[in-house]
Every structure is written in structure tokens, then in C-alpha cells.
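Breakdown of the fold
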Amino acid sequence: MTREFLAFVLAGGIAAGVNWVSNLALHLFMPLQVSVVIAYLIGMTTAYTLNRLYVFKASGRTVPEEYGRFAVVNIVALAQVWLVTIGLHELLMPAIGWTLWPAEIAHAIGVASPIITSYFGHRYFTFGPKRPE
């Protein structure tokens, strides 16, 4: 494993923790389906900041351009996180009789699910070098 990938995993772990804790707080007063999305946006902003500062080399793009690209990659990841979280919580866990913190555990697994696809998306699309015009 490269230093870059390990730094990406560490930054992602911190952002995932922010995401997960945000969801715990938000889920106290809103449905899981909504809190997962809002918590994801909070975690995504944390991840962008950490990746831009500590993981990837400068792309030559402006912050708004990079953040837009980051958002595109994360829209795909959000769909994956939401499907895994809700699939586990609404289908698999009830089917196997899982009752120990089902929303929290389903969301933790969901947040971890897009690590590989996100790494390559950010490495080559978000933070890949800008081509000369």
C-alpha cells in the first residue's frame, strides 16, 4: 500500500467518524433516511478538506472546481452508502433478527463501503492533474 492510499484511508476514517457521529445526533430528531444524507454531506466536507490538505498533490484546479468534482464522486458513493445502510437496516437485519443498535451498525458498514471506488475517483478525477487548455 502506498503512503497516499494510507493517508486517504486515515482521512476517510476521520471523515467517516464525523459522518457517523453526526448521524447519531441527527437521527435523534429526524428519520434515518434523511439523517444519513445530511451526515454524509458533513462527512464529505470534512473528507474534502483533509484530502486537499494532506493526501493528494495540487491538481491545478480552483477549490470550487475540485469540490464540484469531489461532490460528483461522492454522489456515487452516497448512493452506495444509502443503499448499504438502508438495505441492512430495513431488509437484512430484520431478516436475521438483528436487534443490537441496528441503525448505528448498518450506517457504520454503509459509510465504510465505498473506500476503493472513492479512492480511485478522487485520485484520478477530483485531484488528478488539470490538463493544459
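Reference entry: report on the structure contained in this document.

Reading the values: rules and limits
Residues numbered from 1 in each chain as written. Predicted model: local features only at pLDDT ≥ 70, side-chain atom pairs only at ≥ 80, totals over all residues. Heavy atoms only, no water. Helix = DSSP H or I, 4+ residues; strand = E, 2+ residues; numbered from the N terminus. Buried < 20%, exposed > 50% of the residue type's maximum accessible area, 1.4 Å probe, protein only. Contact = heavy atoms within 4.5 Å. Areas by Shrake-Rupley, 256 points an atom, 1.4 Å probe, with all protein chains shown as cover. Lys, Arg positive; Asp, Glu negative; His and termini not counted. Charge placed at Lys NZ, Arg CZ, Asp CG, Glu CD. Arc of directions from axis to C-beta. Core = buried A, V, L, I, M, F, W, Y, C linked by side-chain atoms within 4.5 Å. Patch = residues over 30% accessible without salt bridge, like charges linked within 9 Å, V, L, I, M, F, W, Y side chains within 5 Å. Salt bridge = Lys/Arg side-chain N within 4 Å of Asp/Glu carboxyl O. Axes fitted to C-alpha atoms, helices over the stretch in contact; angles between N-to-C directions. Left-handed = near helix turned anticlockwise from the far one by under 90°. Parallel < 35°, antiparallel > 145°, perpendicular 65-115°, else oblique. Nonpolar A, V, L, I, M, F, W, Y, C, P; charged D, E, K, R; others polar. Polar contact = N/O pair within 3.5 Å; in protein donor to acceptor, adjacent residues only side chain to side chain.

Here we take up the overall build of the chain. Secondary structure assignment for the chain yields five helices and zero strands. Secondary structure of the chain in N-to-C order comes out as α-α-α-α-α. The principal-axis extent of the C-alpha atoms belonging to the chain is close to 55 × 30 × 20 Å. Counting the 133 residues in the chain, one finds 38% classified as buried. Nonlocal contacts in the chain, meaning residues at least 24 apart in sequence, comprise 72% of its contacts between residues at least 6 apart. Total accessible area on the chain stands at roughly 7,700 Å², and carbon and sulfur atoms take up 74% of it. Taking the average location of the 8 positive side-chain charges in the chain and that of its 6 negative ones, the two points are 13 Å from each other.

Next up on the list: helix α4 (residues 102-112). Those residues of α4 not exposed but buried are Ala 103, Ala 106, His 107, Gly 110 and Val 111. All buried residues of α4 project into a common sector of 135° when viewed along the axis, lining one side. Taken together, the buried residues of α4 touch α1 (3-26), α2 (32-55) and α3 (63-96).

The next point concerns the nonpolar core. If you look at the biggest cluster of nonpolar residues, it comprises 15 residues, and the most contacted ones within it are Phe 8, Val 55, Phe 56, Phe 70, Tyr 119 and Phe 127. Of all elements in the fold, only α1, α2 and α3 reach the threshold of two or more residues within this core. Those residues in contact with Val 55, other than ones at most four positions away along the chain, are Arg 3, Glu 4, Ala 7, Phe 8, Ala 11 and Leu 50. Core analysis: the second largest hydrophobic core is formed by nine residues, Val 36, Ile 86, Ala 103 and Val 111 among them.

Okay, a nonpolar patch on the surface next. A cluster of nonpolar residues, Val 9, Ile 115, Ile 116, Phe 120 and Tyr 124, forms a patch on the protein surface that exposes about 460 Å² of accessible area. The greatest single-element share of the nonpolar patch, amounting to four residues, is contributed by helix α5 (residues 115-126). Along the chain, Phe 120 falls in helix α5.

The next point concerns the packing of α3 against α4. Relative to each other, α3 and α4 sit at 145°, their axes nearing to 8 Å. In this structure, the crossing between α3 and α4 has a hand that is right-handed. Of the residues in α4, those touching α3 at Val 81, Val 84, Thr 85, Leu 88, His 89 and Met 93 are Pro 102, Ala 103, Ile 105, Ala 106, His 107, Ile 109, Gly 110 and Val 111.

Let us now look at the packing of α1 against α4. Closest axis-to-axis distance for the α1/α4 pair is 10 Å, and the angle between their directions is 150°. Of the possible angle classes, the one that applies to α1 and α4 is roughly antiparallel. For the crossing formed where α1 meets α4, the hand is right-handed. Facing α1, whose interface residues are Ala 16, Asn 19, Trp 20, Asn 23 and Leu 24, α4 presents Glu 104, His 107, Ala 108 and Val 111. Residues of the contact of α1 with α4, tallied by class, amount to five nonpolar, three polar and one charged.

With that settled, the discussion passes to the environment of Thr 2. Tracing the sequence through the fold places Thr 2 in the segment before α1. A relative accessible area of 44% means that Thr 2 is categorised as partly exposed. Side-chain polar atoms of Thr 2 contact the backbone nitrogen of Phe 5, separated by 3.0 Å.

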